[in-house]
Amino acid sequence: MFYYVLKYVILGPLLRLLFRPRIEGLEHIPAEGAAIVAGNHLSFSDHFLMPAIIRRRITFLAKAEYFSGPGLKGRLTAAFFRSAGQIPVDRSGKEAGKAAIREGLGVLSKGELLGIYPEGTRSHDGRLYKGKVGVAVMALRAQVPVVPCAMVGTFEIQPPGQTLPKIKRVTVRFGEALDFSRYAGMENEKAAIRAVTDEIMYAILELSGQEYVDRYAAEVKAELEQPKKFPRRSR
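The residue count restarts for each chain, going from 1 along the sequence in the order it is written. Only residues with pLDDT of at least 70 are given local features in this predicted model, and only at 80 or more are side-chain atom pairs given and counted; all residues enter the totals for whole chains, interfaces and linings. Where side-chain values are given, they derive from all heavy atoms of the structure, hydrogens and water being excluded.

S.K.: When you look at the environment of Met151 in this model, what are you seeing that I'm missing?
M.R.: To qualify as a helix, a DSSP run of H or I must reach at least 4 residues; to qualify as a strand, a run of E must reach at least 2; elements of each kind are numbered from the N terminus. One can find Met151 in strand β7 (residues 146-152). Sequence-wise, Met151 and Pro21 are 130 residues apart; in three dimensions their C-alpha atoms are separated by 10.0 Å. Contacts between residues were defined by any pair of non-hydrogen atoms, one from each residue, lying within 4.5 Å. Not counting chain neighbours up to four residues away, the residues in contact with Met151 comprise Asn40, Leu42, Asp46, Leu49, Met50, Thr171 and Val172.

S.K.: Would you mind going over the side chain of His41 with me for this structure?
M.R.: Along the chain, the position of His41 falls in the loop between β2 (35-39) and α2 (46-53). Any N or O atom pair separated by 3.5 Å or less is treated as a polar contact, with the protein-specific requirement of one donor-capable and one acceptor-capable atom, and with residues adjacent in sequence counted only for side-chain atom pairs. A distance of 3.1 Å separates polar atoms of two side chains, one belonging to His41 and the other to Asp46. The residues touching His41, leaving out its near neighbours within four places in the chain, are Asp46, His47, Tyr117, Glu119, Thr121, Arg122 and Ser123.

S.K.: When you look at the sheet that holds strand β4 (residues 87-89) in this model, what are you seeing that I'm missing?
M.R.: Strand pairing in a sheet takes place through backbone hydrogen bonds and is either antiparallel or parallel in direction. The sheet built from 7 strands is open, its strands ordered β1-β8-β7-β2-β5-β3-β4 with mixed pairing. Edge strands, defined here as strands with exactly one partner in the open sheet, are β1 (22-24) and β4. Across the sheet, the mean angle separating the axes of adjacent strands is 25° when strand polarity is ignored. A fitted line through C-alpha atoms serves as each axis, taken over the contacting stretch for helices, and the angle formed by two N-to-C directions is quoted from 0 to 180°. Sitting on the sheet, helix α7 (residues 190-208) touches β2, β7 and β8 (171-174), and the angle it makes with β7 is about 35°. For two strands to be treated as a pair, DSSP must find no fewer than two bridges joining them.

S.K.: Please clarify how unusual backbone geometry should be interpreted in this entry.
M.R.: With the exception of glycine, the majority of residues adopt a negative phi angle, and the majority of peptide bonds are in the trans configuration. The phi torsion at Arg20 lies on the positive side, around 40°, for a residue other than glycine. Looking at the secondary structure, you find Arg20 in the loop between α1 (2-19) and β1. The phi dihedral of Gln143 is positive, around 55°, even though this residue is not glycine. Turning to its location among the elements, Gln143 is positioned in the loop between α5 (134-142) and β7.

Next comes the structure, spelled out in structure tokens:
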């Protein structure tokens, strides 16, 4: 119940008023039945803007850190994500990917919309990074369409590290649903799930117009966070 109050009474109208999002291709979201909405991830604001403009309820797999933050801010964030019906997923450890797929398939089995960011983390520089294959595994196992989505302008209003977003117009763009029925029965074949993932990422790329990087965003972030090593000076 609170999800719909948040969407239609509290947060949704406020976001539409402040950011006046241009909405393109909303007709590509199925009116009923299970489907995956796969988007780029540029900003913390994405968590609110996309669900606010989709008519149906959509459930995202959110990182577990949003539910376990310290202090008052952490408790408020956790309460918000729980109220919005989001599912915490631990992204660390070998079983993390399996857990995310299991939770996602549970949402799809109910005939609902599942939202996912195939990059696995926010882009730190506004570019589009290589997609992880979990989205393909879920699409093939559940035999559901995938609707590509591009958030345009959200990196500019709230890049990583910025607490409050700038009040500026953004665009939320949906593409035609992708049908992967030709890969039926191939959900365990690495080549097939990589091909499906890449097709999804290419569709997002066409919608967003971003520069593409054929590497995982988390790997690039980790490299940037490593302390730089300087050569020793000879005496």
